Amino acid sequence: MRLAKGLLLVLVVFLFFSCGKAKNEGMTLRFNNGTEPQTLDPAIMTGVPEFKLAMQIFEGLTAYNPTNLSPIPGVAQKWEVSSGGLVYTFHLRTNAAWSDGVSIDAETFRYSWLRALSPETASEYAYQLWYIKNAQNYTKKLVKAEEVGIKAIDKTTLQVTLENPTPYFISLLSFQTYLPVPRHVIEKAGSDKWILPQNIVGNGPFVLKEWFPKDHIKLVKSLTYWDREKVKLDTVYFYAYEDASSALEMFLNNELDWIDTIPSERMDQMKQKPEFHKAPFLGTYFYRIHINANKALSDVRVRKALSLSINRDYICKYIGKAGQIPNYGFVPESMPNYKGYAGDKENPAKARKFLAQAGYPEGKGFPSITILYNTMEDHKKIAEAIQQMWKKELNIDVALENQEWKVYLQRVQSLDYDLSRAGWIGDYVDPNTFLDMFVTDGGNNQTGWSNKKYDELIQKAKREKNPSQRMKIFYEAEKILVEESPIIPIYTYVRVHAIKGTVKGVYDNILDLHPLKEVSVEK
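Parameters at a glance
- Residues numbered from 1 in each chain as written.
- Predicted model: local features only at pLDDT ≥ 70, side-chain atom pairs only at ≥ 80, totals over all residues.
- Heavy atoms only, no water.
- Helix = DSSP H or I, 4+ residues; strand = E, 2+ residues; numbered from the N terminus.
- Rg over C-alpha atoms; globule rule 2.2 N^0.38 Å.
- Buried < 20%, exposed > 50% of the residue type's maximum accessible area, 1.4 Å probe, protein only.
- Contact = heavy atoms within 4.5 Å.
- Areas by Shrake-Rupley, 256 points an atom, 1.4 Å probe, with all protein chains shown as cover.
- Lys, Arg positive; Asp, Glu negative; His and termini not counted.
- Charge placed at Lys NZ, Arg CZ, Asp CG, Glu CD.
- Salt bridge = Lys/Arg side-chain N within 4 Å of Asp/Glu carboxyl O.
- 1 Å grid on protein atoms, 1.4 Å probe; cavity = no way out; pocket = protein on both sides within 12 Å on 5 of 7 lines; lining within 4 Å.
- Points joined across faces, edges and corners; volume = space filled by probe spheres on them.
- Nonpolar A, V, L, I, M, F, W, Y, C, P; charged D, E, K, R; others polar.
- Phe/Tyr/Trp six-rings, centres within 6.5 Å; stacked < 30°, edge-to-face > 60°.
- Arc of directions from axis to C-beta.
- Axes fitted to C-alpha atoms, helices over the stretch in contact; angles between N-to-C directions.
- Parallel < 35°, antiparallel > 145°, perpendicular 65-115°, else oblique.
- Left-handed = near helix turned anticlockwise from the far one by under 90°.

## Here we look at the overall build of the chain
For the chain, the count of helices and strands is 16 helices and 19 strands. For a compact globule of 523 residues, the expected C-alpha radius of gyration is about 24 Å, and the chain comes in at 24 Å, within 12% of that figure. Seen through its principal axes, the chain has C-alpha atoms that stretch 75 × 75 × 40 Å. Counting the 523 residues in the chain, one finds 56% classified as buried. Long-range contacts, defined as pairs at least 24 residues apart, comprise 70% of the intrachain contacts of the chain with a sequence gap of at least 6. In the structure as shown, the chain presents an accessible area of about 22800 Å², 52% of it carried by carbon and sulfur atoms. Taken together, the 65 basic and 61 acidic charged side chains of the chain have centroids lying 1 Å from each other.

## A short note on the pattern of salt bridges
Counting across every chain of the model gives 25 salt bridges. Notably, a salt bridge pairs lysine 218 with glutamate 25, separated by 3.0 Å at the nearest N-O pair. Here lysine 218 is found in strand E9 (residues 216–221), whereas its partner glutamate 25 is found in the loop between helix H1 (2–24) and strand E1 (28–32), with 193 residues between them in sequence. Residues lysine 218 and glutamate 25 agree in their burial class; the two are buried.

## Brief notes about empty space enclosed by the protein
A complete count under the given rule lists six cavities of 30 Å³ or more for this structure. For the second largest cavity, the calculated volume is near 140 Å³. Lining the second largest cavity are Lys304, Ser307, Leu308, Arg312, Tyr328, Gly343, Asp344, Val482, Glu483, Ser485, Ile487 and Pro489. At the level of elements, helix H9 (300–308), helix H16 (467–484) and strand E17 (487–499) are the ones that each hand at least two residues to the lining of the second largest cavity. Looking at which element gives the most residues to the lining of the second largest cavity, the answer is H9, with three residues. Of the residues that constitute the lining of the second largest cavity, the class distribution is five nonpolar, three polar and four charged.

## A word on the packing of aromatic side chains
Counted by the stated rule, this structure contains 31 aromatic pairs. Residues tryptophan 113 and tyrosine 178 carry aromatic rings whose centres are separated by 5.2 Å and whose planes lie at 85 degrees to one another, so their mutual orientation is edge-to-face. Taken together, the positions of tryptophan 113 in helix H3 (residues 106–117) and tyrosine 178 in the loop between helix H5 (169–172) and helix H6 (183–189) put the pair 65 residues apart, joining distant regions of the chain. Assessed through its relative accessible area of 0%, tyrosine 178 is described here as buried.

## Re helix H11 (residues 348–357)
Because an α-helix completes one turn every 3.6 residues, residues spaced three or four positions apart along the sequence face the same direction. Listed as buried for H11 are Pro348, Ala351, Phe354 and Leu355. The buried side chains of H11 occupy one side of the element, clustering within an arc of 115 degrees when seen end-on. Contacts made by the buried residues of H11 are with H9 and helix H12 (377–394). Phi for glycine 359, located one or two positions after H11, is positive at around 105 degrees.

## Examining the layout of surface pockets
Each pocket or cavity is described by its volume, and for the largest pocket that value is around 480 Å³. Lining the largest pocket are 23 residues, and of these Trp130, Gln136, Thr440, Asp441 and Gly442 sit closest to its centre. Within the lining of the largest pocket, the residues separate by chemical class into eight nonpolar, eight polar and seven charged. Here the second largest pocket is characterised by a volume of approximately 390 Å³. Around the second largest pocket, the lining is made up of 26 residues, and of these Ala63, Tyr64, Ile72, Pro515 and Lys517 lie nearest the centre. Residue assignment for the lining of the second largest pocket shows that the elements contributing at least two residues are helix H2 (48–57), strand E2 (62–64) and strand E3 (71–73). Of the residues assigned to the lining of the second largest pocket, the class counts are 15 nonpolar, five polar and six charged.

## Section: the packing of helix H10 (residues 312–320) against H12
Think of two packed helices as two axes; the pair is described by the angle between the axes and how far apart they sit. Closest axis-to-axis distance for the H10/H12 pair is 11 Å, and the angle between their directions is 140 degrees. In terms of orientation, H10 lies oblique with respect to H12. Read as a crossing pair, H10 and H12 show a hand that is right-handed. Packed against H10, whose contacting residues are Tyr314, Ile315 and Ile319, the element H12 presents Asp378, Lys381, Ile382, Ala385, Ile386 and Met389 at the interface.

Here it is, written out as structure tokens:
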């Protein structure tokens, strides 16, 4: 009896503190982010899971309207644009501050953007700031910081001069690479340690409270955020569960409020539930090819043979199961006001002819190659299907290798792969966000591919003021990309996720970005 009584006391104490903890956390949202973030440094991050966190912790000059992602005032309360579209003048709020109380001013943004542009930072997204005058030259160490078109006129006035008129520049200012970072913390803690929980400060609606690697990140409402009265959530948990099936079970057991991935084998079941959401998505699922990995992959005929022998309809219908659209170009069909270039559809006979012309008739003498993918069951299923297709149609042997998100990113960035699974989601609504990544030595090219004509077309599109002519230029560039085949487009995404009916203030949009500032959870 003493033992039982002791257990009862322990149980009562546990329930007391557990309930007290839950109560103290206030209105709480539990979201599965699907993986461990590579970093929380806005200048370095490249992935969607990272940005989903960063947009809650940091705020740029502009922010996203949650209903349609149009730019709304953020740290900048207003701005003017010169008649020629080259000079932007931003007026910052006087009450914008970091979560430790340190003020934010125009110099904060000048420092942050120059840091992202600096070659020492090695930002793969530095090119997103190259719209700014002399920004690219600064990255290449050709000019000094004073020559870059970023000027802090006074504490609350930032003036930005562009190389060319860029209609979507205001929309870019909400993007991760344009987010401010705390100079005073970076200089004290160091560029690699400032993002640790004991050091990091933010200027967004939420503050990082705890970070348990490979389990969860906990955010709490910021007490210094300028618009804190509109923030409804007290606590947000971002879980890092990579197993989509386990995350779904947690959702069904009310342990999660929101999951953004549904395993394909459960898709038909979940489609019948009111929590299921499906929406267009501005993203392409594709494979990168490291064209210098071996002699075979350096041959465009081999790359085209690989693409021509993939049955995309099968992958979409029997593996994806969510309504994905087979893609034979790179820019997704969901891109407004643009009709992209589409390459040849599946043609195994033509694929075998290309392979034979390259010196590998019936696959003879073809080197063993490996598909690298990040850990997720559906990525594995697609890789296995393509492995079988290439064996059946081309008689070539393909190995598969999966790695956790961080390792996978490092391998792709260092070109330590043969072929790699990839996905690209638009950073903004314009074909340029898909096509400019493959310019020579582009930070997100990561294939080793280079084409002078392609580079010239991308630069020409940036200077072109006629919208119709600009789209024609993008078409010609996409044609080169698809025909040279350093990538293999597979399908255009659709976004499927499941969210409890108690969660309010989340809206579907083609970039699948969701600021949590005004999201709430009903009891």
